[in-house]
Amino acid sequence: MSEFDIASYVSHIEANRSVKDALMQSLKTRRPPYRVSVTDLLNLKQAYFRRKYPEIVPPLEKQQLMWAGTGFHKTFGSAVSSEEYLEQFVEAEGVVGKVDIYEKIPVEVKTTSTPIDTGDLLQYRPTYVEQLGMYCAMVNAHEGEIIIYQRQVEQSSSTSPLIVYHVTFPDLEAIRVEMRRRRDLLLQALISNDPSNLPACLWFNRQCDYSSVCDCQTTSVKAAHEIAGLAGEIYVDSMAGQQLLNKMAGSQPSQAFRINDIVFPRKAYFERRKLQEIATASEVREEKEEYLRSMDERGFLDALRDSLRYGAPGEVQRIPVQHASLADLVQIWQSLPTILRDPKFSSLVERERLPRTFPHYFLRLGFECALTNHVRGRLLAYYVKVPKEDAKLMVYDVTFRNLDAIRAEALRRVELLEKGGVVLQLPKCPTWLCSYCDYKLECGQA
Ligand code: SF4
C-alpha cells in the first residue's frame with residue numbers, strides 16, 4: 001500500500017498575521033511578574049530563587065529522577081483512570097495547578113523509591129497534604145486522596161507497593177485565605193527583589209539547588225504548614241488501595257492509543273512492546289530535551305504554551321476524542337484545533353513547502369481536525385533559531401480537504417496498531433527521527 005501523503009490533503013495554508021500580532025502583543029504585555037502555581041506556594045523561597053536565578057538548574061541526576069517521576073505519573077494515571085480525568089489544569093485565586101487525577105475528587109500521585117512509611121502523613125509528608133488541600137480548595141471539594149506508590153518493589157515482598165490516604169478539608173475558605181496570603185507574599189518579594197519575608201524552606205541544608213544564593217540561614221521567618229494544619233480526618237483507605245492494585249494488574253498494554261501514536265505508529269509499536277520501561281524512558285527523553293533548551297527559549301515557549309492552555313475565558317477547550325482504542329484530548333483554541341511546534345530550522349520554510357518539510361505536524365493537525373470534524377486547524381510554528389525576534393513566530397491556518405479520508409487513515413493506523421502485526425505494514429516515521437531511534441535495527445532503518 002502506498003504511503004499516506006498528508007500534503008495532498010492540505011488545500012490551503014494562510015499565514016494569519018492578525019492572530020500572530022495579537023499573540024505577540026499579549027505575550028509582550030503579559031502582566032508582570034509571573035503566573036503563580038500551587039507548587040510555588042508549597043515552597044515560596046524556592047519559587048522566588050527559581051525565578052530570580054533561572055540559570056541554576058538541578059544537577060542531571062536529580063533531573064533524571066524528576067523526569068522518571070513524570071513519566072511514571074502518566075503511565076500510572078492511564079492504568080487507573082482515563083484520559084479525560086488525567087492531569088487536569090485548575091485555576092483559582094490567581095494560582096494555577098495540575099491535578100494528577102480528577103474524576104470526582106482530586107487525587108495526587110506520589111512515587112518513591114524507598115519503602116513507604118505508613119506512619120503519620122502530616123508528620124512525614126506535610127507538603128503532600130498542603131498540595132492536596134490547595135487543589136481541593138481550588139475545585140471546592142471537601143475531600144481528596146494521596147496515592148503513594150513505591151516503584152521497584154520486589155515481587156516476593158509482602159508489603160504493598162501502594163498506599164492511599166483519604167484526607168478531608170472541612171474549611172476550604174481558610175485554605176483559600178492562606179493561598180492568597182502566600183501568593184501575595186511571593187509577588188511582593190519578586191517585585192521588591194527582597195525574599196526576606198518568605199519563610200525558610202525545608203530544604204535548607206539538604207542539598208538545595210539554591211543554597212549558594214538563598215538567605216535561609218539568616219531569615220527569621222520559620223517554615224510552617226498552615227494548610228496541612230487545616231486538614232480534618234486523614235486515614236489510610238485500604239480498600240481503595242486494593243482496588244487500584246487490581247486495576248493496575250488488569251490494565252493491558254493494549255489500552256488506548258494517543259494521537260501521537262498514529263502519527264508515529266512504528267515508534268508506538270515498539271514502545272508498546274516494552275511498555276513499562278520504555279514509556280518512561282521516552283518521556284524522560286522528551287522532557288530532557290525540552291529542559292535542556294536555553295532558558296530564554298523555554299521562557300517564551302512556555303508562555304506561548306500557557307496562552308494556548310489557559311487563554312482568555314471561553315477561548316480554550318480540550319475535547320475528548322474516542323474512536324476504537326484511540327483516546328485523547330484535542331486542544332481547541334479560538335474554535336480551531338491548534339498545535340504548537342518549534343522547528344529547529346534557522347530560516348522560515350515557505351508556506352507551500354511546509355507540509356512536505358514537516359509532514360508530521362500536518363498529520364497531527366489533520367488527524368485532530370478530522371477526529372473533531374473541523375476543516376480548518378491552526379499551526380503555531382516558533383522557529384527558535386531564527387535570529388529576528390519578530391520573525392520567530394508564525395501562525396498558519398490550515399484548511400484540509402476530504403476529512404473522511406484523513407479520519408479513515410487515522411483509524412486504519414489504530415487498527416494496525418491494535419493488531420500489533422507486522423511492523424513493516426506500519427507507516428514509517430520521518431527519516432530524521434531514525435538516526436536517534438533505539439529501534440532502528442529491529443525496524444530495518446539502520
Ligand atoms: S527506526 Fe525510524 S521508522 Fe523505525 S521506529 Fe524508529 S524512527 Fe520510526
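Residues numbered from 1 in each chain as written. Predicted model: local features only at pLDDT ≥ 70, side-chain atom pairs only at ≥ 80, totals over all residues.

Some points on the site of the ligand
Every residue near the ligand is listed here: Arg266, Lys267, Phe270, Lys428, Cys429, Leu433, Cys434, Cys437, Tyr439, Lys440, Cys443 and Gln445. Looking at the shell around the ligand, the elements with two or more residues in it are helix H10 (265-273), helix H16 (431-434) and helix H17 (440-443). Of the residues contributing to the shell around the ligand, the split by class is seven nonpolar, one polar and four charged. (Near = placed C-beta within 6 Å. Helix = DSSP H or I, 4+ residues; strand = E, 2+ residues; numbered from the N terminus. Nonpolar A, V, L, I, M, F, W, Y, C, P; charged D, E, K, R; others polar.)

Some points on helix H3 (residues 44-52)
Buried within H3 we find Leu44, Lys45, Gln46, Ala47, Tyr48 and Phe49. Elements that come into contact with the buried residues of H3 comprise helix H2 (38-42) and helix H7 (172-192). (Buried ≥ 20, exposed ≤ 12 C-beta atoms within 10 Å, placed from the backbone. Contact = placed C-beta atoms within 7 Å.)

Let's talk about the sheet that holds strand E9 (residues 316-323)
Across a sheet, strands are paired by hydrogen bonds formed along the backbone, either parallel or antiparallel in direction. Taken together, the six strands give an open sheet; going across it, the order is E1-E13-E12-E11-E10-E9, and neighbouring strands pair in mixed fashion. In the strand order of this sheet, the two ends are held by strand E1 (10-15) and E9, each with one partner. Each adjacent strand pair in this sheet contributes to an overall mean axis angle of 35°, direction not counted. Two strands pair when backbone bridges link them, and strand E12 (residues 376-382) and strand E13 (residues 393-400) are joined in this way by seven bridges, in the antiparallel orientation. Counterpart to Tyr382 in the pairing with E13 is Leu393. Sitting on the sheet, helix H14 (residues 359-372) touches E1, E9, strand E10 (326-333), strand E11 (336-341), E12 and E13, and the angle it makes with E11 is about 160°. (Pairing = 2+ DSSP bridges. Axes fitted to C-alpha atoms, helices over the stretch in contact; angles between N-to-C directions.)

A word on the nonpolar core
Core analysis: the largest hydrophobic core is formed by 46 residues, its most contacted members being Leu41, Tyr48, Met134, Tyr135, Ile147, Val167 and Ile175. Sorting the residues of this core by element identifies H2, H3, strand E4 (95-102), strand E5 (106-112), helix H6 (126-139), strand E6 (143-150), strand E7 (162-168) and H7 as the ones contributing at least two each. Ranked by the residues each element gives to this core, the list is headed by H6, at seven residues. In contact with Val167, not counting residues within four places along its chain, are Val129, Leu132, Glu143, Gly144, Ile146, Ala231 and Ile234. (Core = buried A, V, L, I, M, F, W, Y, C linked by C-beta atoms within 7 Å.)

Overview of the pairing of E11
The buried fraction of E11 amounts to five of the six residues, a majority that puts the element mostly inside the structure. What sits between the antiparallel neighbours E10 and E11 is a turn of two residues, in which Gln334 has the positive phi angle 50°. The pairing of E11 with E12 spans four bridges and is parallel. Following the sheet pairing, Leu340 is matched in E12 by Leu380.

Observations regarding H14
Across its 14 residues, H14 extends 20 Å between first and last C-alpha, which sits within 8% of the 20 Å expected from 1.5 Å per residue. The element H14 is extensively covered by neighbouring structure, given that eleven of its 14 residues are classed as buried. Along H14, the positions that sit buried rather than exposed are Tyr361, Phe362, Leu363, Arg364, Leu365, Gly366, Phe367, Glu368, Cys369, Ala370 and Leu371. Following H14 by one or two positions, Asn373 has its phi on the positive side, about 65°. (Expected span 1.5 Å × (residues − 1).)

Comments concerning the environment of Lys440
Among the structural elements, Lys440 can be located in helix H17. Owing to 14 C-beta atoms within 10 Å, Lys440 belongs among the partly exposed residues under this scheme. In the structure, Lys440 is positioned 173 residues away from Lys267 in sequence and 9.7 Å away in space, judged by C-alpha atoms. Not counting the four nearest positions on each side in its chain, Lys440 is found in contact with Cys434, Gln445 and Ala446.

Some remarks on the packing of H6 against H7
Where H6 contacts H7, the two axes come as close as 9 Å, and the packing angle between them is 110°. In terms of orientation, H6 and H7 fall into the roughly perpendicular class. Listed contacts from H7 to Gly133, Met134, Cys136 and Ala137 of H6 are Leu172, Ile175, Arg176 and Met179. For the contact of H6 with H7, the per-class residue count stands at six nonpolar, one polar and one charged. (Parallel < 35°, antiparallel > 145°, perpendicular 65-115°, else oblique.)

Here's the deal with the confidence of the model for the protein chain
Detailed conclusions should not be drawn from predicted coordinates in areas where pLDDT is low. For the protein chain, the average pLDDT comes to 80, and 77% of its residues sit at 70 or higher. The secondary structure element of the protein chain with the lowest average pLDDT is helix H11 (residues 275-292), at 39, and the one with the highest is H14, at 96. The low-confidence segment residues 276-298 (pLDDT under 50) makes 25 contacts with residues lying over four places distant or belonging to another chain. (pLDDT = per-residue confidence, 0-100.)

Focus on the packing of H3 against H7
Closest axis-to-axis distance for the H3/H7 pair is 10 Å, and the angle between their directions is 35°. In terms of crossing hand, the pair formed by H3 and H7 is right-handed. Contacts from Leu44, Ala47, Tyr48 and Arg51 of H3 reach H7 at Arg182, Leu185, Leu186, Ala189 and Leu190. In terms of residue class, the contact of H3 with H7 is made up of seven nonpolar, no polar and two charged. (Left-handed = near helix turned anticlockwise from the far one by under 90°.)

Some details on the environment of Arg273
Inspection of the secondary structure assignment puts Arg273 in helix H10. Counting along the chain gives 147 residues from Arg273 to Gly420, while the straight-line C-alpha distance between them is 9.1 Å.

A few points about the pairing of E6
A large share of E6 lies buried, amounting to six of its eight residues. Here E5 runs beside E6; their pairing, made up of six bridges, is parallel. Across the sheet, the residue bridging to Val109 is Ile147, located in E6. Pairing between E6 and E7: seven bridges, direction antiparallel. Bridge pairing links Tyr149 to Leu162 in E7.

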